[in-house]
Amino acid sequence: MSTLIRTRVTIVGAGPAGLILSHLLAEEGIESVVIDQRSRAEIESTIRAGILEQCTVELLTRIDVNTRVHTVGQRHDGIELRFEGEGHRIDFQKLVGRSVWLYPQHEVLKDLLALRMDAGQDLRFGITAHRVEDADSLTPRVIATGADGHEVVIVSDFVVGADGSRSIIRPAVSGSAQSGYFRAYPFAWFGVLCDAPPSSDELIYSNSASGFALISQRSPEVQRMYFQCDPEIDAHSLSDEDIWATLQARVPGTTLKEGKIFQRDVLRFRSFVATELRRGRLALVGDAAHTVPPTGAKGMNLAVADVRLLSRALTALLLRDDDALIDSYAERALQRIWKAQHFSWWMTSMLHTGADADGFDRRRQLGELRSVVESEAGRAYLSEAYTGWPIED
Ligand code: PHB
């Protein structure tokens, strides 16, 4: 038994990219079906990072009157870079007149799922996509399995892979799942969520001789912190005391407010950009197209920037039969993607300590940090990239 669905755009993946795209298309009167293999509860509880660029917040505010980004989220007008025990504030407002918002991805997803469901979006959970057939035709088909085990076939005028770093749409676009530019890093982040008051009003990105740490927040009662660790570490091999001792040692100059650690995870990171972002009537957005290390806080923002470009391109293609924008989608998206790749790589390499770093590397790194914080141009460059480059709309 097989269910056949016909729509204009098939969106595989109900993450921020897929849901926002479905909204932007609906604004233009273009019907779409969004599928995801996860349940709604799973999507809403996936722990991810949470820095939103100003442009991302402006878009969320425009499309969703009920967004909680301004109530549950917090505006941050700067960050602190810390090294050699000294903090250096990067004042985004003063340097570039922009801000970022700390609003975790699962909260964004709760808002977006409610928004799309209230609008009557055809949104189906528990549907696992397997492959694309007729990829080079004007009506590619996504072959999937429904929650009940039966086959689901979706035929549409365009297929968008918004299905994350293990995208099943990517092979059909890019040749193979691996086809792309890749960089591995010799370390990971050990992340914790704890019940404690904030130790700082703003994020602290701290470089220390024993490694990097990031002090972030979630709410007045819950904090998020990370420290650089070996990617092979078992998240349960450390006691709470070990974790606090490591964090405290990596943020010299601040006494962290400790509390019960109720969630711990190890985030391995890598940089990846798929070779192709579009082929015929298929395109990739978000993590399906690229992955960045979390140090630059770019992940969700890049996904949103992709769908802004793609929604305009699909509108021109599907409503006016104009393929100029879709033909240039990959090239235009890649310009921002590679800037963000560079920024994320730069922040990562400037702030982390390599396992084989010698005296030269250490001193060179401190020289680099100093040359950024002591120069207005350096601080402005960091602020511009962190708060997000303007979106070409
Ligand atoms: C987070 O709060 O989870 C977070 C913030 C900034 C980053 C990465 C993660 O660069």
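Heads up: the structure comes first, above all this text.
Going along each chain's sequence as written, the residues are numbered from 1 onward. Owing to the predicted nature of the model, reporting of local features is limited to residues with pLDDT of at least 70; listing and counting of side-chain atom pairs is limited to 80 or more, with chain, interface and lining totals taken over all residues. Note that the side-chain values use all heavy atoms of the structure and ignore hydrogens as well as water.

**Re the packing of helix α1 (residues 16–27) against helix α8 (residues 299–320)**
Each packed pair of helices is defined by two parameters, the angle between the axes and the distance between the axes.
Now for step 1: α8 packs onto α1 with a crossing angle of 30° between their chain directions and a minimal axis gap of 9 Å. Classified by the angle between their axes, α1 and α8 sit roughly parallel to one another. Taken as a pair, α1 and α8 cross one another with a handedness that is right-handed. Here Pro-16, Ala-17, Ile-20, Leu-21, Leu-24 and Leu-25 of α1 come into contact with α8, specifically with Met-300, Ala-303, Val-304, Val-307, Arg-308, Leu-310, Ser-311 and Leu-314.
Now for step 2: Each residue gets one of three labels, nonpolar for Ala, Val, Leu, Ile, Met, Phe, Trp, Tyr, Cys and Pro, charged for Asp, Glu, Lys and Arg, and polar for the others, Gly among them. Residues belonging to the contact of α1 with α8 are distributed by class as follows: 12 nonpolar, one polar and one charged. Only the stretch in contact is used when fitting a helix axis, every axis being a line fitted to C-alpha atoms; angles between N-to-C directions are given from 0 to 180 degrees. Per the convention used, a helix needs a DSSP run of H or I reaching at least four residues, while a strand needs a run of E reaching at least two, with both numbered from the N terminus. For classification purposes, angles smaller than 35 degrees are called roughly parallel, those larger than 145 roughly antiparallel, those between 65 and 115 roughly perpendicular, and all remaining angles oblique. It is the rotation of the near helix from the far one that decides the hand of a crossing: anticlockwise by less than a right angle makes it left-handed, clockwise makes it right-handed. The contact criterion used throughout is that any non-hydrogen atoms of two residues lie within 4.5 Å.

**Looking at the site of the ligand**
Now for step 1: Neighbouring residues of the ligand: 15 residues in total, closest Tyr-205, Ser-216, Arg-218, Tyr-226 and Pro-294.
Now for step 2: Pairs of N or O atoms within 3.5 Å make up the polar contacts considered here, provided that, within protein, one atom can donate a hydrogen while the other can accept it, and that residues adjacent in sequence are counted only when both atoms are side-chain atoms. Contact distances for the ligand include 2.6 Å between an oxygen atom and a side-chain N or O atom of Ser-216.
Now for step 3: Taking Arg-218, its side chain carries an N or O atom lying 2.8 Å from an oxygen atom of the ligand.
Now for step 4: Using the Shrake-Rupley algorithm and a 1.4 Å probe, accessible areas are obtained, with residue cover drawn only from the displayed protein chains. Against a free-state accessible area of 280 Å², the protein chains account for coverage of 100% of the ligand.
Now for step 5: Classifying every residue of the shell around the ligand gives 10 nonpolar, three polar and two charged. Residues are labelled near a given molecule or strand when at least one of their non-hydrogen atoms is within 4 Å of it.

**Focus on the nonpolar core**
The nonpolar side chains of a soluble globular protein tend to be buried, and buried together.
Now for step 1: Remark: nonpolar core denotes a set of buried residues (Ala, Val, Leu, Ile, Met, Phe, Trp, Tyr, Cys) joined through side-chain atoms within 4.5 Å. Think of it in three bands: with a 1.4 Å probe and only protein chains considered, a residue is buried below 20% of the maximum accessible area for its type, exposed above 50%, and partly exposed in between. Tyr-205, Leu-382 and Tyr-386 are the most contacted members of the largest nonpolar core, which totals 107 residues.
Now for step 2: By residue number, the principal contributor to this core is helix α9 (residues 324–351), which donates 12 residues.
Now for step 3: Residues within four places of Leu-382 in sequence aside, it is in contact with Ile-79, Leu-81, Ile-90, Phe-343, Trp-346, Met-347, Met-350 and Val-372.

**Structural notes on the sheet that holds strand β7 (residues 86–91)**
Now for step 1: Here, strands pair whenever DSSP counts at least two bridges between them. The strand order across the open sheet built from eight strands is β7-β6-β15-β16-β17-β14-β18-β21, with neighbouring strands paired in mixed fashion. Strands at the two margins of the open sheet, each flanked by one partner only, are β7 and β21 (290–291).
Now for step 2: Relative to strand β17 (residues 222–229), strand β16 (residues 213–217) runs antiparallel, the two being bridged by five bridges. From the neighbouring strand, Gln-217 faces β17, where its bridge partner is Gln-223.
Now for step 3: Contacts from α9 reach β6 (78–83), β14 (180–195), β15 (204–206), β18 (260–274) and β21 within the one sheet, and its direction differs from that of β18 by about 130°.
Now for step 4: Packing of helix α11 (residues 376–387) onto the sheet brings it into contact with β6, β7 and β15, and relative to β7 it is tilted by some 60°.

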